[in-house]
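Letter by letter, the chains look like this.
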Amino acid sequence: MLRLPSHNQRFHLLIRNLSSFASNTTIFMTSKHFLPSPLLPQTLSPKHFSTPSKRLLPSLSSKPIPNNHSFWLRTNGFYSLPSPSDSSPSPAYSQDLEDQPSDTRSLQILNHKLKQLGIDITKSVAGRENRLMCPSCKGGESGELSLSLFISLDGYSASWLCFRAKCGWKGYTKAAADGKPSIENLGLVNKVKVKRQITVESLELEPLCNQLTAYFAERMISSKTLKRNAIMQKRSGDEIAIAFTYWRKGELVNCKYRDIAKRFWQEKDTEKILYGLDDIADASDIIIVEGEMDKLAMEEAGFRNCVSVPDGAPPSVSEKEVPAEEQDTKYQYLWNCKEYFKKAARIILATDGDLPGQALAEELARRLGRERCWRVKWPKKNDVGHFKDANEVLMYLGPSVLKDIIDNAELYPISGLFNFSSFFDEIDQYYHRTLGYEFGVSTGWRALDNLYNVVPGELTIVTGVPNSGKSEWIDALLCNLNEGVGWKFALCSMENKVRDHARKLLEKSIKKPFFGVGYGSNVERMSVEELEKGKKWLNDTFQLIRCENDSLPSIQWVLELARAAVLRHGVQGLVIDPYNELDHQRPVSQTETEYVSQMLTKIKRFAQHHSCHVWFVAHPRQLHHWIGAPPNLYDISGSAHFINKCDNGIVIHRNRDPEAGPVDLVQVCVRKVRNKVVGNIGDAFLSYDRVTGVYKDIDESQKK
């Protein structure tokens, strides 16, 4: 072990090295002990120092100190650090400190480290507790000096603690022996802490006076309940505070006070435990509330198996993972009482109904296990709000209502785990057909009404040999859906130029050719007025998803833009055409089958979550022995998952042999329908007008 030189030896060492220091720094004279300031004057004689007494230990006040009180600890037998008004500012750490005496150098390093954390020690005294403004919570709403700082006598280390329950910032740091900053220990909790042994007599607690008994009576808490829970009082001059005593196995562990102004404080250096802990020993059902008054209210409703947290609720749920037990400082009271929860099969979280109360319930559930937690829903107080907590329900509605609320507690929700009762409203709406589109939306072609209807939130895979009209058929379908029910769409059509795609859509909507020559020479061309009207229709109906550079878009990129289109423009349909125009890079360890399965799962989740129907065009693999018949869904290039994962599978096939029938005959082969309510497997035939791109129904004689 490294043995430091004695106090006198260190003093003489300081004297020999102080000749190089400036002499313009003020020294605050004291009687016995000393703490070197950042810069000591050259003129310093041994008479200023004497043998130090025993080191003082830090102590915490049991009551917060408001910010409006002056709390500069000027004297305690130590030299004080320079105040902000001194002409010499506290120096930042630099290599120049290597040339300074070790005590002074260490203190300067310590001062610099604390300043980086927002702790100003210019008016602090070594060897005792100093009360400062906490840089983490700023003293809360009252602006109290809630940070307790202790600096060692030698200036080599400092520890701090904010006693505000909603903050609890705690840490320790020291100056390294070589004069370089060492921050590894910042924020670590000091585990070595002696717990005080307290008794009712040592705290000078008294039985409740009539005034406080009447106060509890107004809140519907009986004298019997007060006596059983050892509710007492403590006098401080002319003021009286309520004393909530915390017991474990019959021994007093802690005491929490509340004054008339509803200010709370606890005894210092005592162990944090749950209030009413002995009442849940060996209990299979445990109720946890947010305050001592709620614990007493539960007893009035017949529940003794109830405890209260000692420090109230956090402002919000932490986004971090639950820390390890030894580092979980804000909820240490749970770990201190963990053996009491081992036999609990059901834990009812009856915290306050406000946002902090809900956050507390979530933090408790994270630590106790959501699977055995239940939650309480407080009843409505009026049209705009609910009752806040158990005591408020007791006061306004009575003990029987409070008992019913606890008896009817609900299972605490677990993300991803539900029961059917959560969906009964939706099931009823589905039965009564009030959701809309329960039987899907008609395609606009009578021939398909019994085979394929469009349902929001489903995935339809469309395939067919090249030039069979897959994209043209989908465009015609979108036009029908817009005309019939006003749907809007997002188009990710990477094989079409925008102008060509616009022409095809306009021709199907206006039912006239875009040009008056070539394919449309025998039909009247759309007029300029019709074009202008059609342009407005295009702009109102469709959103384009297009990659603006020469790179291939990924499916994730497409779905993110489609989500924006749903939220911003209210689109109900998405077309991805075709599959092979996407970027399909995958990890070396992942097969194409695994990739396709993962990709289709993402698309289906998007469709279901946003109630958006998705049409995904996928080409079949090369058909070396194709004889002109429609391909099968299993012929799609890539994976059989295209048919396994889709909700609907459609093959578009066009007749190319004049001897086999009309060349304008298009066969729509419905090869998969997952939902039997909206369709069935079968074939439908439509006629295709090459001039306008319009698909029409045909009668049975034409079909043959």
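Remember, it's a predicted structure, so these values are computed and weren't measured experimentally. (Residues numbered from 1 in each chain as written. Predicted model: local features only at pLDDT ≥ 70, side-chain atom pairs only at ≥ 80, totals over all residues. Heavy atoms only, no water.)

## Digging into helix H13 (residues 528-541)
Part 1: Taking 1.5 Å of rise per residue, 14 residues should cover 20 Å, and H13 covers 20 Å from first to last C-alpha, within 8% of that figure.
Part 2: Taken residue by residue, H13 has Gly 534, Trp 537, Leu 538 and Thr 541 as its buried positions. One side of H13 carries all its buried residues, which in axial view fall inside an arc of 100°. The exposed residues of H13 that point more than 90 degrees off its buried face are Val 528, Glu 529, Lys 536 and Asn 539.
Part 3: On its buried face, H13 sits against helix H11 (470-485), strand S16 (489-493), helix H12 (498-510) and strand S17 (542-544). (Helix = DSSP H or I, 4+ residues; strand = E, 2+ residues; numbered from the N terminus. Expected span 1.5 Å × (residues − 1). Buried < 20%, exposed > 50% of the residue type's maximum accessible area, 1.4 Å probe, protein only. Arc of directions from axis to C-beta. Contact = heavy atoms within 4.5 Å.)

## A short note on the pairing of strand S18 (residues 573-577)
Part 1: Burial within S18 is extensive, with five of its five residues counted as buried.
Part 2: Neither face of S18 is left uncovered, since the one carrying Gly 573, Val 575 and Asp 577 and the one carrying Leu 574 and Ile 576 both have all their residues buried.
Part 3: With four bridges connecting them, S18 and strand S19 (residues 613-617) associate as parallel partners. Across the sheet, residue Val 575 finds its bridge partner in S19, namely Trp 615.
Part 4: Taken together, S18, helix H15 (residues 592-610) and S19 form a β-α-β motif whose crossover is right-handed. (Pairing = 2+ DSSP bridges. Right-handed = clockwise from strand over helix to strand, strands pointing away.)

## A look at the confidence of the model for the protein chain
Low pLDDT means the predicted coordinates in that region are not meant to be read closely.
Part 1: Averaged over all residues, the pLDDT of the protein chain is 81; the fraction at 70 or higher stands at 81%.
Part 2: Per-residue pLDDT stays below 50 along residues 177-192; that stretch engages in 33 contacts with residues further than four places along the chain or on separate chains. (pLDDT = per-residue confidence, 0-100.)

## What about empty space enclosed by the protein?
Part 1: With the rule as written, the count across this model stands at two cavities of 30 Å³ or more.
Part 2: The volume enclosed by the largest cavity comes to roughly 100 Å³.
Part 3: Lining the largest cavity are Ala 165, Lys 166, Asp 311, Gly 312, Ala 313, Pro 314, Pro 315, Lys 330, Tyr 331 and Tyr 333.
Part 4: A breakdown of the residues in the lining of the largest cavity according to their chemical character gives six nonpolar, one polar and three charged.
Part 5: Put simply, the second largest cavity is a space of about 30 Å³.
Part 6: Elements with a minimum of two residues in the lining of the second largest cavity: H11, S16 and S18.
Part 7: Element by element, the count of residues in the lining of the second largest cavity is highest for H11, at three residues.
Part 8: Split into classes, the residues belonging to the lining of the second largest cavity amount to three nonpolar, three polar and two charged. (1 Å grid on protein atoms, 1.4 Å probe; cavity = no way out; pocket = protein on both sides within 12 Å on 5 of 7 lines; lining within 4 Å. Points joined across faces, edges and corners; volume = space filled by probe spheres on them. Nonpolar A, V, L, I, M, F, W, Y, C, P; charged D, E, K, R; others polar.)

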